[in-house]
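What follows is the residue order along each chain.
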Amino acid sequence: MGTDRISPTPFGRISFNGRIPFNRSLKGSVALLALLAGMPLAAKADDAVVLPQLQVEDDLQTANGPIDGYVPRRSATGSKTDAAITEIPQSVSVVGRRQLDDLPGNKVDEVLGYTAGVKAGQFGTDSDTDWLMIRGFDAGQTGVFMNGLGLYQYGFGGYSIDPFLLERIDVLKGASSALYGGANVGGLINLVSKRPTGERLRHVETGINNWGNAFLGFDIGDALDADRSYRVTGKVSGGHWETDEAEDFRGVIAPSYTWEGDRTRVTLLGMYQDQDQTHTGGFWPYVGSVAPAAFGRIPRDFYYSEEDVDLYRRQQAMIGWEVEYDATDSVTLRQNFRYSRVHVRERGPYPYGWRVPGAPYEGGGTEPTAPGNELFRIGFEHETTVNSVTADNQAEWRVTTGAVDHKILGGIDYRYYMIDHVQKSGGGTPISVTNPVYGAPQGAAFTYLDQELSMHQLGAYLQDQMRIDGNWILTLTGRYDRVWTKSDDAYVSPWTPNAYNYKGEEGAFSGRVGLGYEFANGVTPYVSVATVFNPQIGADRLGTPFEPEKGLQYEAGVKYMPNGFDGLFTASVFELTKENAQVPDPVNTNYKIQRGEVRSRGVELEARTELGGGFSLLGQATFQDVEVTEDSNTALIGKTPVLVADTSASLWLDHAFQSAVLDGLSAGAGIRYLGESWANEANTLKVPDATVVDAAIRYRQAGWGVSVDVVNLLDKEYVSGCGSIYQCGYGPGRTATLTLSLDW
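Residues numbered from 1 in each chain as written. Predicted model: local features only at pLDDT ≥ 70, side-chain atom pairs only at ≥ 80, totals over all residues. Heavy atoms only, no water.

**A closer look at the sheet that holds strand 12 (residues 187–193)**
Definition in use: A pair of strands counts as paired when DSSP detects no fewer than two bridges linking them. Only runs of H or I of at least four residues qualify as helices and only runs of E of at least two qualify as strands under DSSP, and these elements are numbered from the N terminus.
A sheet is described by the order of its strands in space; here 5 strands give the open sequence 5-11-12-9-10, paired in mixed fashion. Edge positions in the sheet fall to strand 5 (92–96) and strand 10 (149–150), since each of these pairs with one other strand and no more. Here 2 bridges tie strand 9 (residues 144–146) to strand 10, and the two strands are oriented antiparallel to one another. Residue pairing for strand 10: F145 is matched across the bridge by G150.

Written as structure tokens, this is what we have:
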């Protein structure tokens, strides 16, 4: 629907599109028409007054559609229905297309740096993986969804989605199992694809950054006739990265097609991506990155691999559909389906601590003792193929019983995930940090894993979103899941005789109860309780499959969407507990057992608003206390898990200049604060906090545009996180990107 946006009024949003829906009283509509037309309400009967037709709506947004500006109003991620964000009894953040365009960032984890409750890029620069944590829990494996369907990832069988393909990113914080079944304890990230709008779209952009990495992107769409429309989005990029010797070449194309009849809407979504690169970044020892060694620190751009053997190649394909059928005026049926496949090959040595001459394997040193300050390197390679099928069948019924308006959703969804992977290790040679010499022959690697692993999940859910007496909002959600896992390992080593050959079956109920009250001034306080169910792949040393992670979340908060201006302000407080967490087996630390429990408590504050005068603001602050409450090692009880920052905050201010002389010019600046975290489980080695500044400036006129955005403007050198004393990652250095664009 094409509309010219006008500022909100007490009557709702107004747009000129040639029709007036009867969703307001006649008196209010006439008064508003008169006000806009600048005429008195009284008029002579024979005076013919012609007024423009207006649309008066509470909201012009849809749950998966474009967002005008930085302020989202609707989302489907927190309820699987098109709902106002204020009606969802959990914290939800949405990054829209304008924010994706305006703020610096070229990967999913990079563009979430201004989102409450999310720690993104905890290992710094990594060209092939998005590192994400929500409320203190890793979201990379089970917390990434696309168009409401899970993108389950295990081992090295992960997906990579370029933000250029996305319309928006929705982040649902906390327990989400009642709707999605298996999902990350701390929350999930739903990537929403661009899709046909029925309008003409012609966009091309090209650019290059200061490292010499260039790109060309296009986004083309149009209506074929009154019922059919298409869109094709694609991007090609390649060149150098901050890491010495690192380079890449990748391309992606994503076609989509929509057909819309009287009661039926069908959208087809496809994607193919090819990625060829050498490795970037690195996992560095604590001493030499966070803490200086005798020689200083490992250079941020140090290349740890070998050009002659270094390989990373990923081919990724997806195809699916979204079908919606209005069976009656109050009943809607939907089916969302996707098949995806990814094939990854990777090879090259990687560092694991400092070389220790004379020690077994000469590796694993915490400080450099070898001549030349040599890093110990492990040779590694794998070939991984993943096939995945996901389907979600829904029925939505809207009905009123007395003073209660119901939105009842029932559904059955299914997931199939199969990974076939071979992994090899060994044969790496050391390399000096202070005087690196490349080209040494690497030894042969041996196979330690040759496995086919599958997981099936079947779930049924029922939800009732009730609006009682117009203001009370009660949400009841329940679900039951059954999960089957199976592993066949063609290579079973003497020290892992059972762990990789197993069958498992597990079932569980999940639920959510939420209650809110919507005041006339736009304030909606809410409370909710939800449970967690997150299936696990793997087995203990006896070959017994792991049980699903389980847990419970309590959350209370308030959401404020003002009537007089465009804004969304949210505050939430929560307590979230994860049970059945995996911890080292005290009998054999090469294995895991499920005796762990982790509790996360915190406060999240977020503001998104259009301030007027061309100013827009994004702000967030997150305070969390995450601690181990049960562990096989009692010394770790009360400690904070690695990588978890106790505090984070960010602020972005954007300004579009209003004067005629500067028409088309806009600029933005932001500051991000990342609090302290721990590098080891015992909490004796700390990763210091860091403050980073970003900036952007743009000029758009007559369809042409030019922009420069800069990540880490002041070139702050910092470590973004450590997974252990051997796994620390630098945050990205100053990266400036010049972009030229054309819309016609």
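**A closer look at the packing of aromatic side chains**
Just so we agree on the cut-off: Each pair of aromatic rings taken from Phe, Tyr and Trp, with Trp reduced to its six-membered ring, is defined by centres within 6.5 Å and is described as stacked if the planes are under 30 degrees apart, edge-to-face if over 60, and tilted in the remaining cases. Both a distance and an angle decide whether a charge sits over a ring: NZ of Lys or CZ of Arg must be within 6 Å of the ring centre and within 35 degrees of the ring normal.
For the structure on display, the rule yields 19 aromatic pairs. Taking the centre distance of 4.4 Å and the plane angle of 20 degrees together, the rings of W321 and F337 count as stacked. Taken together, the residues W321 in strand 18 (residues 311–326) and F337 in strand 19 (residues 331–354) connect sequence positions 16 residues apart. Ring pairing ties together the aromatic residues F123, W131 and F283, which thus form one cluster. One residue, K80, lies across the ring of Y180, its end atom 4.9 Å from the ring centre. A cation over an aromatic ring shows up here: R98 above the ring of Y70, its NZ or CZ 4.1 Å from the ring centre.

**Some remarks on the sheet that holds strand 7 (residues 132–134)**
Taking strand neighbours across the sheet as the criterion, the 3 strands line up as 6-7-8 in an open arrangement whose pairing is antiparallel. Single-partner strands in this sheet number two, and they are strand 6 (118–120) and strand 8 (137–138).

**Brief notes about a nonpolar patch on the surface**
Note the threshold: Only residues above 30% relative accessible area that lack a salt bridge enter a patch, with like-charged residues linked at up to 9 Å and the nonpolar side chains Val, Leu, Ile, Met, Phe, Trp and Tyr linked at up to 5 Å. Here the accessible surface of atoms and residues is derived via Shrake-Rupley with a 1.4 Å probe, and residues count as covered only by protein chains that are part of the display. One speaks of a salt bridge when a side-chain nitrogen belonging to Lys or Arg is within 4 Å of a carboxyl oxygen belonging to Asp or Glu. Each residue's exposure class comes from its accessible area (1.4 Å probe, protein chains only) as a fraction of the maximum for that residue type: buried when under 20%, exposed when over 50%, partly exposed otherwise.
Residues I208, I697, Y699, V706, V708, L738 and L740 make up a contiguous nonpolar surface patch of roughly 540 Å² in combined accessible area. Elements represented by at least two residues in the nonpolar patch include exactly strand 35 (690–701), strand 36 (704–711) and strand 39 (735–743). Looking at the element boundaries, V708 is found in strand 36. The partly exposed category is assigned to V708, whose relative accessible area is 31%.

None of this, on its own, says anything about what the molecule does.
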